[in-house]
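Examining the three-dimensional arrangement
Residue-level listing of the chains:
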Amino acid sequence: MTAAYDLFVRELQAQGRERLDGLSLGNLRQLTPDEHTKVLAALTQAIALRDSRAPIALAVLEPTPATVAVLRTAAPLPAAGTAAPDHFTLECAAAIGVLEVAPDALDLLEQTFRTTDDTWSRGIATDGLRRAHTGSDASARLARLVRTQQDEELKLDAADTLLLRHGWRLEDAQRKAETLTLMRAMIGGDTAARDAALLKVLKTPVQGWPRP
């Protein structure tokens with residue numbers, strides 16, 4: 001067995017605090033065909049057991065319409081405005097949003113971002129909007145959140161997520177200063193500067209996910 005498979009098994013079987021670290025995703029593209037089959041079966045079983053770590057891993061391993069069907073069956077997405085979804089349902093919505101243009105999934109993620117007091121739920125929603133399909137309107141949703149949020153922390157989170165979605169990263173030394181300038185303009189009080197910064201970010205191509 002490869003190191004990639006051994007890591008998957010070890011993480012899938014983890015308990016306690018180690019389980020909260022989730023499943024590594026990069027190694028899922030390093031599996032042999034036989035290991036791929038075994039991991040697919042294990043993740044499908046984990047979905048049936050409502051393991052919140054499994055949906056995005058399955059989306060990376062098997063980015064197909066069949067996976068979307070599995071996720072939608074395991075966690076039918078509630079309509080916006082209904083009771084707050086649990087973490088597993090949110091993870092399924094985020095994974096569906098990666099695989100297809102899914103307004104109902106993004107509705108749920110955006111609603112959760114706006115309204116939840118649960119830090120973990122907001123993190124799932126934020127990641128889901130950042131990773132969402134390049135053909136979706138996730139960027140427009142994030143820009144709207146930047147424009148409308150009164151809560152400074154949420155506005156900052158929305159701006160940061162939008163920047164990351166379009167490849168503006170502080171780790172990029174060549175664009176660090178410009179990224180900081182865009183961030184400050186997006187969350188500042190000058191409406192014209194904010195909208196100009198948003199326009200510049202939105203004109204930058206969305207970075208597809210997962211990246212090679």
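Bear in mind the structure is a predicted one, so any value in this text is a computation, not a measurement. (Residues numbered from 1 in each chain as written. Predicted model: local features only at pLDDT ≥ 70, side-chain atom pairs only at ≥ 80, totals over all residues. Heavy atoms only, no water.)

Digging into the packing of helix 4 (residues 65-74) against helix 5 (residues 87-99)
Axis angle and axis distance: for two packed helices, these are the angle between their axes and the distance between the axes, and together they describe the pair. The geometry of helix 4 relative to helix 5 is characterised by a closest axis approach of 10 Å and an angle of 155 degrees between their N-to-C directions. In this view, helix 4 runs roughly antiparallel relative to helix 5, as classed from their interaxial angle. For the element pair helix 4 and helix 5, the recorded crossing hand is left-handed. Contacts between helix 4 and helix 5 involve Thr67, Val68, Leu71, Arg72 and Ala74 from the former and Phe88, Cys92, Ala95, Ile96 and Leu99 from the latter. Its residues assigned to classes, the contact of helix 4 with helix 5 shows eight nonpolar, one polar and one charged. (Axes fitted to C-alpha atoms, helices over the stretch in contact; angles between N-to-C directions. Helix = DSSP H or I, 4+ residues; strand = E, 2+ residues; numbered from the N terminus. Parallel < 35°, antiparallel > 145°, perpendicular 65-115°, else oblique. Left-handed = near helix turned anticlockwise from the far one by under 90°. Contact = heavy atoms within 4.5 Å. Nonpolar A, V, L, I, M, F, W, Y, C, P; charged D, E, K, R; others polar.)

Here we look at the pattern of salt bridges
What the rule picks out here adds up to 16 salt bridges. With a shortest N-O distance of 2.8 Å, Arg50 and Asp86 are connected by a salt bridge. Placement of the pair is Arg50 in the loop between helix 2 (33-48) and helix 3 (54-61) and Asp86 in the loop between helix 4 and helix 5, with a sequence separation of 36 residues. By relative accessible area, Asp86 is classed as partly exposed at 36%. Its salt-bridge partner being Arg72, residue Glu100 comes within 3.2 Å of it at the nearest N-O pair. Pair noted here: Glu100 is in the loop between helix 5 and helix 6 (103-115) and Arg72 is in helix 4, with a separation of 28 residues, a long-range link. A relative accessible area of 26% means that Glu100 is categorised as partly exposed. Residues joined in a network through salt bridges with shared partners are Asp107, Glu110, Arg114, Asp137, Arg141 and Arg144. (Salt bridge = Lys/Arg side-chain N within 4 Å of Asp/Glu carboxyl O. Buried < 20%, exposed > 50% of the residue type's maximum accessible area, 1.4 Å probe, protein only.)

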